[in-house]
Structure formats: C-alpha cells, structure tokens
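Observations on the three-dimensional arrangement
Read off the chains here:
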Amino acid sequence: MNDGNGVVAGFGWLGAAASSAGERADLLLLALLVVCGTVALALGVLVVWFSIRYRRGSKVDRTDPPSNDWRLETAWTLTPLAIFLSFFAWAAWDYAQLSIVPPDALPIQVLGKQWMWKLDHRNGRREINELHVPLGRAVKLVLASEDAIHSFFVPAFRLKQDVVPGRYTVLWFRPTRLGEFRLFCAEFCGAGHSKMIGRVVVMQPADYARWLESGPRRPGLAERGFELYRSLGCSGCHDERSTVHAPRLQGLLGRVVHLQDGRSLVADENYVRDSILLPRKDVVAGFDPVMPSFAGQVGEEDLQALVEWLRSTGDDRTGGRG
Ligand code: CUA
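Residues numbered from 1 in each chain as written. Predicted model: local features only at pLDDT ≥ 70, side-chain atom pairs only at ≥ 80, totals over all residues. Heavy atoms only, no water.

1. Comments concerning helix 6 (residues 269-277)
The element helix 6 is largely enclosed, with a buried count of eight among its nine residues. If you check which residues of helix 6 are buried, you get Glu269, Asn270, Tyr271, Val272, Arg273, Asp274, Ile276 and Leu277. (Buried < 20%, exposed > 50% of the residue type's maximum accessible area, 1.4 Å probe, protein only. Helix = DSSP H or I, 4+ residues; strand = E, 2+ residues; numbered from the N terminus.)

2. Some points on the packing of helix 1 (residues 20-53) against helix 2 (residues 70-99)
Closest axis-to-axis distance for the helix 1/helix 2 pair is 11 Å, and the angle between their directions is 170°. By the angle class used here, helix 1 and helix 2 are roughly antiparallel. In the crossing of helix 1 with helix 2, the sense of the turn from one axis to the other is left-handed. Touching Ala21, Arg24, Leu27, Leu28, Ala31, Leu32, Val35 and Cys36 of helix 1 are Ile83, Phe84, Phe87, Trp90, Ala91, Trp93, Asp94 and Leu98, all from helix 2. Here the residues of the contact of helix 1 with helix 2 are counted per class, giving 14 nonpolar, no polar and two charged. (Axes fitted to C-alpha atoms, helices over the stretch in contact; angles between N-to-C directions. Parallel < 35°, antiparallel > 145°, perpendicular 65-115°, else oblique. Left-handed = near helix turned anticlockwise from the far one by under 90°. Contact = heavy atoms within 4.5 Å. Nonpolar A, V, L, I, M, F, W, Y, C, P; charged D, E, K, R; others polar.)

3. A short note on the pattern of salt bridges
Under the criterion given, the structure shown has 20 salt bridges. Ionic pairing is found between Arg71 and Asp69, a salt bridge with its closest N-O pair at 3.7 Å. By relative accessible area, which is 29% here, Asp69 ends up partly exposed. One salt bridge in this structure joins Asp282 and Arg263, with 2.9 Å as the shortest N-O distance. One end of the pair, Asp282, is in the loop between helix 6 and helix 7 (300-315); the other, Arg263, is in the loop between strand 11 (256-258) and strand 12 (264-266), with 19 residues separating them in the sequence. Exposure remark for Arg263: the relative accessible area of 39% places this residue in the partly exposed category. Salt bridges here are not isolated pairs; linked through shared partners, they connect Lys118, Asp120, Arg126, Arg224 and Glu301. (Salt bridge = Lys/Arg side-chain N within 4 Å of Asp/Glu carboxyl O.)

4. Quick notes on the domain arrangement of the chain
Segmentation of the chain into domains returns domain 1 (106-214) and domain 2 (237-313). The straight-line distance from the C-alpha centre of domain 1 to that of domain 2 is 26 Å. Summed over both partners, the interface of domain 1 with domain 2 comes to about 1,300 Å²; 43% of that surface belongs to carbon and sulfur atoms. Considering only the side of domain 1, the residues that lose the most area to domain 2 are Gln109, Arg122 and Tyr168, jointly responsible for 48% of the buried surface there. Seen at the junction of domain 1 and domain 2, the total is four salt bridges. Of the charged contacts in the structure, one is a salt bridge between Lys140 and Glu269, with a shortest N-O distance of 2.6 Å. Between domain 1 and domain 2 we count eight residue pairs in polar contact (both at pLDDT 80 or more) in total. For the side of domain 1 that touches domain 2, the secondary structure elements donating two or more residues are strand 1 (106-113), strand 2 (116-120) and strand 5 (139-145). Among the residues making up the side of domain 1 that touches domain 2, the classes are represented as seven nonpolar, three polar and seven charged. (Domains from an automatic or database assignment. Buried area = accessible area lost by both parts, 1.4 Å probe. Polar contact = N/O pair within 3.5 Å; in protein donor to acceptor, adjacent residues only side chain to side chain.)

Below you can see the structure in the form of structure tokens.
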C-alpha cells in the first residue's frame, strides 16, 4: 500500500492513515491495543507462573493464605477505571473534533445516487467517482443522496459517513499524505452497490489549483444557484427591491437566525434545505409563514446549487446584510 511515515505506521492491513483524523484514530487504537495487550500478557504470565509454582506436590509454603486485601482490591478496581475513563475522554474529544468543521474548510458538494458518486467543486469542475483535494487543507464535504442511503467511506482517512435522502450530512478531513486512496460506498444501496467505488486523489496545492482550472466544467454551482434563484421566483420575494416582506438571503449561511417560536439556530446547509422544502418548519421571527414549499420542484443538484449560491453571497462582504 503506502510507505508509512504517518504518526502511526503500524496498521499495515488498513494502509497508513492519510488524514489528521485518521492519525488520531490510529494512535487511539494503538494505545488501546498496548494497554489491553499488556494486561492480557500479565494475566497469562501469572496464570502460567502460579500453575507451575503451586502444582501438586511442589514444596512451597501454603500456610495462612490471604483471603482478602482491601487495598489490593481497591487498586485493581480504581486503576482500570481511571485508565478506561481517560480513554473515553480521549475518544470523546476526537469524536467531537469530527463535528467541528474548521471555518476555512474547502466546501465540496457530494451527491450519492444509484450507483455513483457525483462531486461538484465550487468553480463548476465536476467529477464522478473521483475526488481531488489539496494536501494539508481542511475539506468539508456536504453529502446528499438522490435515492437510497449510501455511505461515504475512505478507509485511509478512517472516515465513514452515511448519506441519507432528505437531508445533508457533513464530513470534514485534512489530508496528510499525497497519493490515491480508495473510496467506497459502505451501505448496501441496491443491485449496483458494489460498483459504487472510486478514489480520492490528494495533490500538492499548486497541482490541485491547476487541476481545478482544467477539464470539463459547466457554470459554477453558485452561478447555477443564482439562475435558479431567479427562475424559480425566489427573487420575487427575497430580493431587496421586492415589495413582499420576506427575509433577505445574502450572507445567510453560517449566521444566527431567530425564529418566530423563540428558538435560535445557525443557518447551515440543512436549514437552507428545509427552508426551501419545508418552509413552515423554521419561520423567521417577524415574518409570516407565506412561502410555498418547493418540494418536488427542485432536485438534489438544484438544492446544492442554491446552497452554493448562498455561500458565495457570504464570501464577498459586499453581499450586504438583511
Ligand atoms: Cu451506494 Cu452502496
């Protein structure tokens, strides 16, 4: 597989970890293996040693054997408890990191469908069953499914994320090794499930930039999103100049939104999606629930484009605040 120069290169059967999360996962696994292995070895040695030393007929002192020792019992109860609680804290910390996406992460839209992975880079570069990413840069995948439940699995990154119809899931990673890594669908999703394989290609940032500008393109996702914003009639109400009282959308993604029922939430990709398909679910404070649902009119790829357009309005700070 790969020549190992990661933090832990020992897990040959998996291939060396190729992402920051993967290196952490390997370290945790190694630590667990060492602790459990040490305890198992110590017990094994004691069993053998006692069975030889106290075998029938051996001449050892058997008078007055201890029946209990509270110090010993306390020690062998509390020590493993402390060790395994620290493992729990360590693992919980690592797990929590998986859900904290760095703000500068490169967003890439992923669509799972029977039976392929379609990937959209922001500038409109598209790929199927291949994902090119730059080395060392945090990458945020926004995953959607057009049909069944799929699962995005890159063993070398030690990451696996279900892709569920009707909502977005998010997965982020920071590639730490150059090269090509296998990509699988890890959820049985129909007759062609086994064909849903591909590769992740980690490149030097300069090579990646060159790659991104080459090859087949169509208008960038954000441009397509803006077209949809106009053609679907969103702009009729949400535009600045509109006479209809509707929230401004520019720069919405990532902002805190206050809702009519008193709740507040951060407008993420799922919030945008739900607001388009289920507009009465989270009504913004100060507005009437008059927006019609666009369920059935916008497909997954259109939703991805609309999300990317919204993201782009937040990037250039001229986008204004609503
Ligand atoms: Cu998609 Cu299995």
